[in-house]
Amino acid sequence: MALSVPSGADQVHGLGERRPIRGVGGERSSSGGLGDAGPPRAATTPSRYESQKRRDWNTFLQYLRNHKPPLALARCSGAHVIEFLRYLDQFGKTKVHAPGCAFYGHPSPPGPCACPLRQAWGSLDALIGRLRAAYEESGGTPETNPFAARAVRIYLRDVRESQAKARGIPYEKKKRKRAPPAAGQPHPAGESSSSTALSGGSCGSGAGEGSGPPPRGSSSS
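This report concerns the structure included in the present document. Because the structure is a prediction, the values reported are computed rather than measured.

Further remarks concern the overall build of the chain. Of regular secondary structure, the chain possesses 6 helices and 2 strands. Going from N to C terminus, the chain has its helices and strands arranged as α-α-α-β-β-α-α-α. Within the chain, buried positions represent 29% of all 221 residues. Contacts spanning at least 24 positions in sequence make up 67% of the contacts within the chain whose residues lie at least 6 apart. In the structure as shown, the chain presents an accessible area of about 15100 Å², 53% of it carried by carbon and sulfur atoms.

Taking 1.5 Å of rise per residue, 19 residues should cover 27 Å, and helix H2 (residues 48-66) covers 27 Å from first to last C-alpha, within 8% of that figure. Three or more residues of H2 are buried, namely Glu-50, Gln-52, Lys-53, Asp-56, Trp-57, Asn-58, Thr-59, Phe-60, Leu-61, Gln-62, Tyr-63 and Leu-64. Those residues of H2 hidden inside the fold are in contact with helix H3 (78-88) and helix H4 (121-137).

With that settled, consider the pattern of salt bridges. Applying the stated criterion to the full structure yields 4 salt bridges. In this structure, Lys-53 and Glu-50 form a salt bridge, with 3.1 Å as the shortest nitrogen-oxygen distance. With a gap of 3 residues between them, Lys-53 and Glu-50 both fall in helix H2, about one helical turn apart. Classification of Lys-53 by relative accessible area gives buried; the value is 1%. On the accessibility criterion, Glu-50 (18% relative accessible area) is buried. Between Asp-158 and Arg-157 there is a salt bridge whose closest N-O contact spans 3.9 Å. Taken together, the shared-partner salt bridges in this structure form one network comprising Glu-50, Lys-53 and Glu-137.

Turning our eyes to something else, we now look at the state of the cysteines. Here a disulfide denotes one covalent bond, and it connects the sulfur atoms of two cysteines. As enumerated under the stated definition, the model contains 0 disulfides in all. Just so you know, Cys-101 is unpaired, no disulfide at all, and the nearest cysteine sulfur is the one on Cys-115, 3.7 Å from it. The buried category is assigned to Cys-101, whose relative accessible area is 17%. Residue classification places Cys-115 among the buried positions, given a relative accessible area of 10%.

Parameters at a glance
- Residues numbered from 1 in each chain as written.
- Predicted model: local features only at pLDDT ≥ 70, side-chain atom pairs only at ≥ 80, totals over all residues.
- Heavy atoms only, no water.
- Helix = DSSP H or I, 4+ residues; strand = E, 2+ residues; numbered from the N terminus.
- Buried < 20%, exposed > 50% of the residue type's maximum accessible area, 1.4 Å probe, protein only.
- Contact = heavy atoms within 4.5 Å.
- Areas by Shrake-Rupley, 256 points an atom, 1.4 Å probe, with all protein chains shown as cover.
- Expected span 1.5 Å × (residues − 1).
- Salt bridge = Lys/Arg side-chain N within 4 Å of Asp/Glu carboxyl O.
- Disulfide = S-S within 2.5 Å.

Take a look at the structure:
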């Protein structure tokens, strides 16, 4: 899911050239002067994910540069990342209803309202994943990665829960329900063993898990 960013941010390409991200920079090899440096990686076009990751990384570096006062990447913390996410809300395209709105909690409101547009939780979550990878690919360590900070995870969780309530969309994993077999019809061969494996051994017997299918007639419903 691509993230909406200011129109001028995508035009900045020189902010991250001090430490290019591995796998996304094909400019040097395309000149033909590094034929002995390794396998011909210039022939491969960067994937959509890699291209989006580089644009997001350049946008974040531009944000740090325009910060007042300017902020160095080495001094960036989880609080600065949250500040960046809130800054991006002004470019969001997802309607998030306020608690006082008549459409609060409705996934498909019947009319317009004055509630602001925000970045969708899914877009922010994907953005943080790309920036976390770009930070480590550009030389950062997992221990100092501000995008993996606990404060950022808590902020994303709060955004997810607030948008779920505002739009009436529960962000919960749906459990697949299997239709019970018709009366008088036996289970297909192997169904009892696969059901035990999917349920994680919830029947209470810890012996034999992962050691193969049980003998016929030994499984209980």
